[in-house]
Amino acid sequence: MSRDFSIVICGAARVGKSTLVNAICGREVARTSGSLCSQTDRMEKYIINKTDNENSIEYTITIYDTPGIESWSKDHIQNYFSKIMNESKPLCMIYCASPGSFARLDQLQWLVDTCIRSNIFCALVCTNKYSGGSQRRQQVLKDFHSLLIGYHGMTRDESNIKYYGNVALCTAVNSIVYEDTELNIRKEVEGINELIFGILISLKDENIVGWCCTIADNQSFWITMQAKIIEYYELAKPVAIKFWDKHGDEIARSLIPLILALIKRKL
Ligand SMILES: Nc1nc2c(ncn2[C@@H]2O[C@H](COP(=O)(O)OP(=O)(O)OP(=O)(O)O)[C@@H](O)[C@H]2O)c(=O)[nH]1
Ligand SMILES: [Mg+2]
């Protein structure tokens, strides 16, 4: 048996979309570039395959990376999504804007409108958060908040993530180490594990499986967020720790069925 899932990543050129995809997946799936010209000049697809040997299921996750969305019109966005929808309904749309980037709010509104109408979860992310100064970062986050509040009240504000029901969230991240040698500034990776967790707990039903497969190789997530996962899914601690010790590197693959069983029990 096979199951297909997809994720869409949108945003202007050079804001850090590919870097974020790699940080979420915990390995290099997307090409990134330090050069000024855009690396992704046409739609890119990254494919992740996972096999559940126990149940003989082949999972395929397709990540669609959209180029130059800043010049798109409403028709562009709607055509683009209907094309993707014909292949598979995305479980999540991740929109990236960096503090220095030019925000097209009208366009973001169409995008969010289209997604929410189609029940696609929206994660609006201020990427490369240290690149443009804190004021610009705050402005991006303020814009995200004012847009999302129009769809759903804010239900939670935790670990620098604002949640809007099971419809959307927004946050800011630093996907790789940020260094400014002139100003003697160094910032570690920030907000990625929290973002992954935020999306995980916002998704419903089978989409959770798709997301778990996407992040399955991200050891840092599974190890760092161990306590939060245990707490959220109400796993019995000694059992969970034993489980972690036993499965080691295979934790994600082993944990996915466990999380799903617990979710079913909770419903
Ligand atoms: N320090 C730091 N650098 C980042 C971050 N995100 C992106 N960058 C850098 O910004 C540049 C562009 O990143 P990409 O991930 O290639 O951006 P993109 O949006 O995929 O770009 P295109 O595909 O060309 O549109 C690269 O040099 C990255 O290393 C971040 O969170 N922190
Ligand atoms: Mg790219």
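The rules behind the values
- Residues numbered from 1 in each chain as written.
- Chains lettered and ligands numbered in written order.
- Predicted model: local features only at pLDDT ≥ 70, side-chain atom pairs only at ≥ 80, totals over all residues.
- Heavy atoms only, no water.
- Buried < 20%, exposed > 50% of the residue type's maximum accessible area, 1.4 Å probe, protein only.
- Helix = DSSP H or I, 4+ residues; strand = E, 2+ residues; numbered from the N terminus.
- Phe/Tyr/Trp six-rings, centres within 6.5 Å; stacked < 30°, edge-to-face > 60°.
- Expected span 1.5 Å × (residues − 1).
- Arc of directions from axis to C-beta.
- Contact = heavy atoms within 4.5 Å.

So, on to helix H1 (residues 17-25). The element H1 is largely enclosed, with a buried count of eight among its nine residues. Among the residues of H1, those classed as buried are Lys-17, Ser-18, Leu-20, Val-21, Asn-22, Ala-23, Ile-24 and Cys-25. A positive phi of about 75° marks Gly-26, the residue just after H1.

Our focus in this paragraph is the packing of aromatic side chains. According to the stated counting rule, one finds seven aromatic pairs in the structure shown. Their ring planes at 80° and their centres at 6.3 Å tell us that Tyr-95 and Phe-144 sit as a pair that is edge-to-face. You can see Tyr-95 sitting in strand S4 (residues 90-97) and its partner Phe-144 sitting in helix H4 (residues 134-148), a full 49 residues away along the chain. Ring geometry for Tyr-130 versus Tyr-178: centroids 6.2 Å apart, planes at 45°, classification tilted.

The next subject is helix H3 (residues 105-117). The end-to-end C-alpha distance of H3 is 18 Å, a good match for the 18 Å that 13 residues give at a rise of 1.5 Å each. Three or more residues of H3 are buried, namely Gln-107, Leu-108, Leu-111, Val-112, Thr-114 and Cys-115. Looking straight down H3, one finds that the buried residues subtend no more than 160° of arc, so they occupy a single side. The inward-facing, buried residues of H3 abut strand S1 (2-11), helix H2 (74-87), S4, strand S5 (121-126) and H4. Immediately beyond the C-terminal end of H3, within one or two residues, lies Asn-119, with a positive phi of roughly 60°.

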